[in-house]
Amino acid sequence: MGALQAEHFRKIREAMDRGLLPQWVLTDPDVWALEQERVFPRTWQFLGHESEVPVPGAFVTRWMVHDPVLVVRGEDGEIRAFLNACPHRGTLLCTADAGTQAAFTCPYHGWTFDAQGALIGVALAHQVWGTELCRAEWGLKPIPRLERYQGLLFGTLDPAAPPLVEYLGAMTWYLDLLVGRSGGMEVWGPPHRWVVAGNWKLLYENFTGDPYHVQSTHRSTVELGITPQRVVRGWQVVLPHGHGINVTQYLEVPERPYQRTPEALWPRFREHLNPVQEELLRRAAVLVGGIFPTLSFVSPLHGTGEDLYNFLNLRVWRPLAPDRVEVWSWCLVDRAAPEAYKRAAYKAYVDSFGPSGTLEQDDTEMWARVMQASRGWMVRDKTLNYNNVINYLMGFGRVEPDPTFPGPGTAYPGFVDAVSRSTHRFWLHLLTDGAEEGSGEA
Amino acid sequence: MNPEIRAAIEELLYHEAYLLDHRRYGEWLDLFTDDVVYRMPVRVTRERRAGSDVDPTAVYFDETKASLEKRVKRLSVRSAWVEENQPRHRHFVSNVVVRPTERPDEYAVRSYFLVLRSRGSDPDVDRVFGEREDRVRHVEGQWKIAARELVVDEAVLHTINLAMFL
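Residues numbered from 1 in each chain as written. Chains lettered and ligands numbered in written order. Predicted model: local features only at pLDDT ≥ 70, side-chain atom pairs only at ≥ 80, totals over all residues. Heavy atoms only, no water.

Quick word on unusual backbone geometry
Trans peptide bonds make up the majority, and among non-glycine residues the majority have a negative phi. In this structure, P293 of chain A follows F292 of chain A across a cis peptide bond, with omega equal to 10°. Counting through the fold element by element, P293 of chain A comes out in the loop between β16 (284–291) and β17 (295–299). Phi angles above zero are rare outside glycine, and N387 of chain A is one such case at about 55°. Note on placement: N387 of chain A falls in the loop between α15 (377–380) and β22 (389–391). The phi angle at Q86 of chain B is positive, at roughly 50°, despite the residue not being glycine. (Helix = DSSP H or I, 4+ residues; strand = E, 2+ residues; numbered from the N terminus.)

Below you can see the structure in the form of C-alpha cells.
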C-alpha cells in the first residue's frame, strides 16, 4: 500500500460517512498508484462500439489507462481485444487509430499476426528458428475478458471479474433505453480526443452525479437560449458499483415527444422498449450518467440553429496522470434515423459537447481550476489539519428516495449528491480491497 | 502571381490574426463573406497505405457566418467563464502561398498556423497548429475570406478546449 496506511483510509471513510471527501485524494500520487493497481484493472472499461469495427479486419486501437488495446473483428466475424503489443519483444504493434486490414506486422523483427491474433508469419522462420518456437504459444495476448451490451464493448483485465451484465446491474435497463431504443445505434465518425487538466474522478462525477453545476457553469448557454428552459422535474438514480444516471422529464408530454427524434423512429421505440421505458423516453428531456470508472454519457437536446436535435455522447475519461485526462468523445445516432437527421444531430453534438462546444468550453475551465487549487499543502496534508474536505452534502440525511420513480435503482427527487457519495464508497471499497466499506447511507 | 494581390492577401491574414489576438471579434467577423464555410475536420493516425488521415466525416468546426456569429455572441456574455480571465492568444501565420482559381475575383491561399494560448498564471500553454486552405474573394473593394479549411496536425489535441478561433 506504499505510503498509504490503514489510518488514511479510515479517515477517508469517516469523511465519506459525513457526506464529505478529503480533497487530497483527487491528486495524491500514492492514491493514483493504487488506482492503477486496484481500480482500473478490476473494473469493466469501455472500449468502443461494434459499429466501429463493421467488417472482418476492421480494427480500432484504444487504451485502458496505459494498456494499449487492439479491438479487431476476425475473419469469423467475432470481435476480439488484444494487448496491442508484439509478444516477441513487447513493441507497440499497431500505431494507427483505426483501419481495415487482414494482418498486423510488427516492424521490429517482422512477426505477423492475423485478425484473430494468431502468429501467422515469422521472419526467416526456417533459417533462424527451429522447434524452440511453438507458434501457437506466441499469438497476441488477449485482454482477459471482452463482453458487450447493446453493441457497447467493454473489457477488463480481471479474469475473475463478474460478468458485464452483473457489473452493470440495473444500468442495463437504462442502456436499453439509451442505446437499444430503436434497435441499434452507430458511431458517427472517429471520436474527438483532447487532453485536459483534471482528475478522472472529478470528470466522471461532473457528468454522472453533478447536475447542480449546469445552472452556473453553463449559464451562458441559458442566457443565449441555446439550452432549452422548460418546466422539468428530475431524479438522480443511484445504481450499483458506482454507476448512476440523472433523468429529467417534461411535466407535460411535449408536442414533439421522445427527445424530438424523427417520427419514423417512434414505432421502433414502442417495439424495443417496455411500456415503462417508453413512457420515460416520451417525456425525457436529458439523460446523463456514467458507468464507473471511466465512462460517462449524455443524451441531450441541442442545436444552434432553428431546431434542437438529440444524440448520444459517450465519454471516456482516460487518466494520464492524477491531474491530466485524455478525453475521448463519441457521437452516436440511431441507425434507423434518416441521414439528414443524423447529420444535424452530429452538428448539434459538435456545437455543444465537442471540444469546441459551447457547453464543453466552460467545463474544462472549471476542472483546470480545481487542479490549480489542489497543489498546496492545505489540500495535500493527509492528516486533515486544515479540514480540507470537499462538500457532497446535498440531500445528505434529508432527501428520501422517491418510490414513485418508474425505473430501477434508488431514485432521489431533485438535486442531490447521492450518486457521487455512492461512487466514492465503491472507489474506496476497490482501493482497500474491501477493508473500508463505509456506511450504506446514500 | 501579381505581387500586389499577394501582398494584400497576406495583409488580410496578418490583420485577421491581430484582431483575434486583441479579441476584436466583431471586426473579425466582418472579414468573412456571408456565404463563408469554416471547417476543421478531425485528423487521425492511419497506416500509410490507408490513404488520407483527414477524416471527412468528423469535424471540430463546421460553421456558417450565422453560427460563427453565435459563437462570438456566446463568448461575450458574462458567464462565458472560459473568457472571463481574458486568456491571451497569439496567432502566428506563415508559409503563405497564393494561387489563382477558376474565378477571377477569388484566390486559393494556403498558410501554416500556430496558435498559443496562455490562461491566467497556469504554466501549461495550450497549442493548436496546422495548415489552412482558404478561399479569399475580392468583394466591393475589400478582400474577404470566403472559405476556410483547417487541417490540424495533432490527432489528440493539446488544448483544454477549442474556445478560440483558428
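From this point, the narrative continues.
Structural notes on the interface of chain A and chain B
One frequently used descriptor of interface size is the decrease in accessible area upon assembly of the parts. Across the boundary between the two partners, chain A contributes 40 residues, which contact 40 residues of chain B. Taking both sides of the interface into account, the surface hidden between chain A and chain B amounts to around 3500 Å²; carbon and sulfur atoms contribute 49%. The largest per-residue losses of area from chain A upon contact with chain B belong to L224, Q361 and E365 of chain A, which jointly make up 16% of the total buried on that side. Where chain A packs against chain B, one counts 4 salt bridges. Salt-bridge contacts for E365 of chain A lead to R119 of chain B; the nearest nitrogen and oxygen are separated by 3.2 Å. At the surface where chain A touches chain B, the tally comes to 23 residue pairs in polar contact (both at pLDDT 80 or more). Mapped by element, the contributors of at least two residues to the side of chain A that touches chain B are β13 (192–197), α8 (214–217), α9 (219–224), β21 (324–334), α13 (339–352) and α14 (358–372) of chain A. At 9 residues, the largest contribution of residues to the side of chain A that touches chain B is made by α14 of chain A. (Contact = heavy atoms within 4.5 Å. Buried area = accessible area lost by both parts, 1.4 Å probe. Salt bridge = Lys/Arg side-chain N within 4 Å of Asp/Glu carboxyl O. Polar contact = N/O pair within 3.5 Å; in protein donor to acceptor, adjacent residues only side chain to side chain.)

Focus: helix α7 (residues 200–208) of chain A
All names here are of chain A. α7 sits mainly inside the fold: 9 of its 9 residues count as buried. Taken residue by residue, α7 has W200, K201, L202, L203, Y204, E205, N206, F207 and T208 as its buried positions. Two to three positions downstream of the cap, the backbone nitrogen of K201 sits 3.0 Å from a side-chain oxygen, assigning the N-cap of α7 to N199. (Buried < 20%, exposed > 50% of the residue type's maximum accessible area, 1.4 Å probe, protein only.)

Re helix α1 (residues 3–21) of chain B
All names here are of chain B. With 19 residues, α1 should cover 27 Å at 1.5 Å per step; its first-to-last C-alpha distance of 27 Å lies within 8% of that length. When we look at burial in α1, the residues that qualify are I5, I9, E10, L12, L13, E16, A17, L19, L20 and D21. Looking at the packing, one finds that the buried side of α1 touches α2 (25–29), β1 (32–43), β3 (88–100), β4 (106–118), β5 (125–139) and β6 (142–152). Sitting at the head of α1, N2 places a side-chain oxygen 2.7 Å from the backbone nitrogen of E4. Downstream of α1 by a residue or two, R23 has a phi angle that is positive, lying close to 45°. (Expected span 1.5 Å × (residues − 1).)

Overview of the side chain of T43 of chain A
Along the chain, T43 of chain A turns up in the loop between α3 (29–38) and β2 (45–49). From its side chain, T43 of chain A meets the backbone oxygen of V39 of chain A in a polar contact 2.8 Å long.

Digging into the nonpolar core
Grouped together as the largest cluster of nonpolar side chains are 140 residues, with contacts concentrated most on W427 of chain A together with W28 and L166 of chain B. Both of domain 1 (45–150) and domain 2 (169–431) of chain A provide at least three residues apiece to this core. If we skip the residues at most four places from it in the chain, W28 of chain B touches E16, L19, L20, Y38, L68, V72 and F165 of chain B. Counting 18 residues, the second-largest nonpolar core is a separate cluster that includes F82, C94, F104 and A125 of chain A. (Core = buried A, V, L, I, M, F, W, Y, C linked by side-chain atoms within 4.5 Å. Domains from an automatic or database assignment.)

Regarding the side chain of Q259 of chain A
Residues and elements named next belong to chain A. Residue position: Q259 is located in helix α10 (residues 257–260). Reaching out from Q259, the side chain makes a polar contact with the backbone oxygen of A285 at a distance of 3.0 Å. Those residues within four positions of Q259 in sequence are excluded, and the remaining contacts are R181, L281, A284, A285, V286, L287, S299, P300, L301, N310 and Y341.

Comments concerning the packing of α3 of chain A against helix α16 (residues 418–431) of chain A
All names here are of chain A. The contact between α3 and α16 brings their axes to 9 Å, and the two run at 80°. Of the possible angle classes, the one that applies to α3 and α16 is roughly perpendicular. For the pair α3 and α16, the contacting residues are V31, L34, E35 and R38 in the first and W427, L430 and L431 in the second. Split into classes, the residues belonging to the contact of α3 with α16 amount to 5 nonpolar, no polar and 2 charged. (Axes fitted to C-alpha atoms, helices over the stretch in contact; angles between N-to-C directions. Parallel < 35°, antiparallel > 145°, perpendicular 65-115°, else oblique. Nonpolar A, V, L, I, M, F, W, Y, C, P; charged D, E, K, R; others polar.)

What to know about the sheet that holds β3 of chain B
Residues and elements named next belong to chain B. One open sheet accounts for 6 strands, arranged β2-β1-β6-β5-β4-β3; its pairing is mixed. Where the open sheet ends on each side, the last strands, each with one partner, are β2 (54–63) and β3. Pairwise comparison of adjacent strand axes, ignoring direction, gives a mean angle of 25° for this sheet. (Pairing = 2+ DSSP bridges.)

Section: the environment of E263 of chain A
Take E263 of chain A: it is sitting in the loop between α10 and α11 (266–272). Counting along the chain gives 113 residues from E263 of chain A to G376 of chain A, while the straight-line C-alpha distance between them is 54 Å.

Quick notes on the domain arrangement of chain A
Residue and element names in this part refer to chain A. According to the domain assignment, chain A consists of domain 1 (45–150) and domain 2 (169–431). Each of domain 1 and domain 2 was reduced to a C-alpha centroid, and the two centroids are 33 Å apart. Of the residues lining the interface, 13 residues belong to domain 1; the matching set on domain 2 comes to 21 residues. Across the domain 1/domain 2 interface, buried area totals approximately 1500 Å², and carbon plus sulfur atoms make up 61% of it. Taken as a group, F46, Y149 and Q150 account for 38% of the area that domain 1 buries against domain 2, more than any other trio of residues on that side. For the interface between domain 1 and domain 2, the tally reads 1 salt bridge. Salt-bridge contacts for R193 lead to D97; the nearest nitrogen and oxygen are separated by 3.3 Å. Counting across the interface, domain 1 meets domain 2 through 8 residue pairs in polar contact (both at pLDDT 80 or more).

Topic: the packing of aromatic side chains
The geometry of two aromatic rings is summed up by the distance between their centres and the angle between their planes. Summed over the entire model, instances satisfying the criterion amount to 30 aromatic pairs over all chains. Between F59 of chain A and F104 of chain A, the ring centres sit 5.2 Å apart and the planes meet at 80°, which makes this aromatic pair edge-to-face. Placement of the pair is F59 of chain A in strand β3 (residues 58–64) and F104 of chain A in strand β7 (residues 103–105), with a sequence separation of 45 residues. Accessibility expressed as a relative area gives 2% for F104 of chain A, which makes it buried. Ring centres of F32 of chain B and Y38 of chain B lie 6.2 Å apart, and the angle between their planes is 75°; this geometry places the pair in the edge-to-face category. Like F32 of chain B, the residue Y38 of chain B is buried in the burial classification. (Phe/Tyr/Trp six-rings, centres within 6.5 Å; stacked < 30°, edge-to-face > 60°.)

Quick look at the state of the cysteines
Formally, a disulfide is one covalent bond, and it connects the sulfur atom of one cysteine to the sulfur atom of another. One pass over the structure, following the stated rule, counts 0 disulfides over all chains. We note that C86 of chain A lacks a disulfide partner, and the nearest cysteine sulfur, in C106 of chain A, lies 4.0 Å from it. (Disulfide = S-S within 2.5 Å.)

Looking at the pairing of β6 of chain B
Residue and element names in this part refer to chain B. Of all 11 residues in β6, 8 are buried; the element is thus mostly enclosed. Inspection of the sheet shows β1 paired to β6 by 4 bridges, in the parallel sense. Its bridge partner being in β6, R39 is matched across the sheet by E149. The turn linking β5 back onto β6 is made up of 2 residues, and E140 within it adopts a positive phi angle of 45°.

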